[in-house]
Amino acid sequence: MDLTVKPEHEEFRLRLRRWLHENLPAGWGADSLAQFRSYEEEVAFMRDWQGQLYRGGWAGLLWPKEYGGAGATTIEQAILNEEMARAQAPELINKVGVHNVGPTLINYGTEAQKRRFLSKILSAEEIWCQLFSEPGAGSDLAGLRTRAESDGDGYRLTGQKVWTSYAEFSRWAICLARTDASVPKHKGITYFIVDMQAPGIQVRPLRQITGGTEFNEVFLDAVYVPRDFVIGKENEGWGIAMNTLAHERGTGYLFKEQVKHKIAVDRLVEMIRQAKRHGRSVHPALRAEVINAFIRVEIMRLLNYDTMSRMSRGQEPGPDSSLKKEFWNRLSQHLHETALALEGPWSQLMPDDPRAIDSGRWQQTFLYSRSVTISGGSSEIQLNIIAQRLLGLPKE
Ligand SMILES: Cc1cc2nc3c(=O)[nH]c(=O)nc-3n(C[C@H](O)[C@H](O)[C@H](O)COP(=O)(O)OP(=O)(O)OC[C@H]3O[C@@H](n4cnc5c(N)ncnc54)[C@H](O)[C@@H]3O)c2cc1C
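These figures come from a predicted structure and were not determined experimentally.

Definitions and limits used
- Residues numbered from 1 in each chain as written.
- Predicted model: local features only at pLDDT ≥ 70, side-chain atom pairs only at ≥ 80, totals over all residues.
- Heavy atoms only, no water.
- Helix = DSSP H or I, 4+ residues; strand = E, 2+ residues; numbered from the N terminus.
- Rg over C-alpha atoms; globule rule 2.2 N^0.38 Å.
- Buried < 20%, exposed > 50% of the residue type's maximum accessible area, 1.4 Å probe, protein only.
- Contact = heavy atoms within 4.5 Å.
- Areas by Shrake-Rupley, 256 points an atom, 1.4 Å probe, with all protein chains shown as cover.
- Lys, Arg positive; Asp, Glu negative; His and termini not counted.
- Charge placed at Lys NZ, Arg CZ, Asp CG, Glu CD.
- Pairing = 2+ DSSP bridges.
- Near = heavy atom within 4 Å.
- Polar contact = N/O pair within 3.5 Å; in protein donor to acceptor, adjacent residues only side chain to side chain.
- Nonpolar A, V, L, I, M, F, W, Y, C, P; charged D, E, K, R; others polar.
- Domains from an automatic or database assignment.
- Core = buried A, V, L, I, M, F, W, Y, C linked by side-chain atoms within 4.5 Å.
- Buried area = accessible area lost by both parts, 1.4 Å probe.
- Salt bridge = Lys/Arg side-chain N within 4 Å of Asp/Glu carboxyl O.

Structural notes on the overall build of the protein
Piece 1. The helix and strand tally for the protein stands at 11 helices and 8 strands.
Piece 2. For a compact globule of 396 residues, the expected C-alpha radius of gyration is about 21 Å, and the protein comes in at 22 Å, within 12% of that figure.
Piece 3. Taking the principal axes of its C-alpha atoms as reference, the protein extends roughly 75 × 50 × 45 Å.
Piece 4. Within the protein, the fraction of its 396 residues that count as buried is 48%.
Piece 5. Within the protein, counting contacts between residues at least 6 apart in sequence, those at least 24 apart form 74% of the total.
Piece 6. Surface summary for the protein: the accessible area is close to 19300 Å², and the carbon and sulfur share equals 53%.
Piece 7. Distance between charge centres in the protein, computed from 49 positive and 49 negative side chains, equals 3 Å.

In structure tokens, the structure reads:
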């Protein structure tokens, strides 16, 4: 792949930088989200922000134009991710919609499903969540027990899901349910679109170690889903779900994470310099950890180029996305551990303590980073995929 940045790419970058400068609230920075008094307020702001991005033509760059996308190039998408991270712009609120649901509908949805759902995902008018995991089916997702029984022109879904991010304010969900219990477990699963406002849905938030309630339990009691809301064919949901998860693990968002982590490493370097200016020295072993983090972030950049190259050839993400996710998991946790070690005793201060370094941001991101080796499939599962599908090792 030709990675030369052409004049039109530079023009794209400058146009975006200008747009971000004009549209982000004045003084916006890494700590700005902390200003909101409640989660609801934060969600409302983020929703509005994604709407602004969509109206500005900056959401769904790689999606086809007829469904609200921009039909842009992979390089432009990479530039967008970099610039958003550099400006510390808020994340997309409709992450599941954009990274998981969109590619799935584009690849497997009917024309009517694409027209009905895609542009509202990009504009964040309709937020989505993912009803895959269950109390007894996380790593062993194919063991899911939520069942879908035929009822007239549709199905009735009954069961329990868990760890459902953003369910509280989602309008729609992608959901896996068992339509045939008599066949091997991977073969009896169907992929549904579920209306989160349908009778029979109950959402219960779960409190996390960060203090937030992004997670939820979702109970389904004979929830009606019309046949038109099946993605793909009955009993053929497993293969489609694997494609959804490869998109979640793989690809787009790691560009942005790489730049965010590069900015974080720069900040750690500055902390070492500051310590020196104040007559304190940082232990050489800790200094080496910062350098180690720098090296890993650089390697992540190269891995992202590989992703970009595959995407530009129109290849779907496959087992290579497990390698990239696992590398990033380790990088992210190592970097946050190093940050807290550099802060020393100050890392024990609560984020609202005026003495907390960088407004206590590192403590919060450290806590969140504990989840990266679990979400989107745990590290052990990624290692199994790498072992079997990339290295051809025999199954244990
Ligand atoms: C931040 C976050 C967001 C999430 N959002 C969503 C969401 O929106 N929707 C959704 O459906 N799910 C979501 N999840 C759930 C996530 O997909 C599961 O937590 C994950 O797949 C692991 O499943 P589990 O929690 O049931 O753990 P288990 O599967 O019970 O695993 C427990 C431990 O056993 C290990 N283990 C299990 N099987 C094997 C094996 N075969 N070989 C080696 N080790 C094994 C695991 O690695 C893990 O360490 C989210 C999770 C997190 C942390």
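Some words on the pairing of strand β4 (residues 172-178)
Piece 1. Within β4, 7 of the 7 residues are buried, which leaves it mostly tucked inside the rest of the structure.
Piece 2. Across the two faces of β4 the burial is the same, with Trp172, Ile174, Leu176 and Arg178 and Ala173, Cys175 and Ala177 all buried.
Piece 3. In this structure, strand β1 (residues 128-131) lies alongside β4, joined through 4 bridges in parallel fashion. Its bridge partner being in β4, Gln130 is matched across the sheet by Ile174.
Piece 4. Summarising the sheet, β4 and strand β5 (residues 189-195) pair through 7 bridges and their orientation is antiparallel. Its bridge partner lying in β5, Arg178 is registered against Ile189.

Focus on the site of the ligand
Piece 1. If you check the shell around the ligand, you find 17 residues, and the closest are Ser133, Ser139, Trp163, Ser378 and Glu380.
Piece 2. At 2.8 Å, a backbone N or O of Gln130 approaches a nitrogen atom of the ligand.
Piece 3. Residue Ser139 places a side-chain N or O atom 2.6 Å away from an oxygen atom belonging to the ligand.
Piece 4. Here the ligand has 970 Å² of accessible area as a free molecule, and 65% of this is covered by the chains.
Piece 5. Here the residues of the shell around the ligand sort into 5 nonpolar, 11 polar and 1 charged.
Piece 6. In this structure, the shell around the ligand is formed jointly by two domains, domain 2 (128-236) and domain 3 (251-390), each of which donates at least three residues.

Concerning the environment of Pro184
Piece 1. Structurally, the position occupied by Pro184 is in the loop between β4 and β5.
Piece 2. With 41 residues separating them in the primary sequence, Pro184 and Gly143 have C-alpha atoms 10.0 Å apart.

Re the nonpolar core
Piece 1. Residues Leu157, Phe192 and Val194 are the most contacted members of the largest nonpolar core, which totals 76 residues.
Piece 2. Considering every element that reaches this core, the biggest residue donor is β4, with 6 residues.
Piece 3. For this core, the domains that each give at least three residues are domain 1 (7-93) and domain 2 (128-236).
Piece 4. Residues within four places of Leu157 in sequence aside, it is in contact with Arg147, Ala148, Cys175, Ala177, Phe192, Val194, Leu220, Asp221, Ala222, Val223 and Val225.
Piece 5. Within the second largest apolar cluster, 21 residues are counted, among which are Val265, Val282, Val290 and Leu342.

Some remarks on the domain arrangement of the protein
Piece 1. We note that the domain assignment places domain 1 (7-93), domain 2 (128-236) and domain 3 (251-390) within the protein.
Piece 2. On the side of domain 3, 13 residues touch domain 1, which itself brings 15 residues to the contact.
Piece 3. Between domain 1 and domain 3 the total buried area reaches about 1100 Å² when both faces are included, carbon and sulfur atoms providing 65% of it.
Piece 4. Here Lys260 and Glu91 are joined by a salt bridge, their closest N and O atoms 2.8 Å apart.
Piece 5. Linking domain 1 with domain 3 are 1 residue pair in polar contact (both at pLDDT 80 or more), by the criterion used here.
Piece 6. Partitioned by chemical class, the residues of the side of domain 1 that touches domain 3 number 8 nonpolar, 3 polar and 4 charged.

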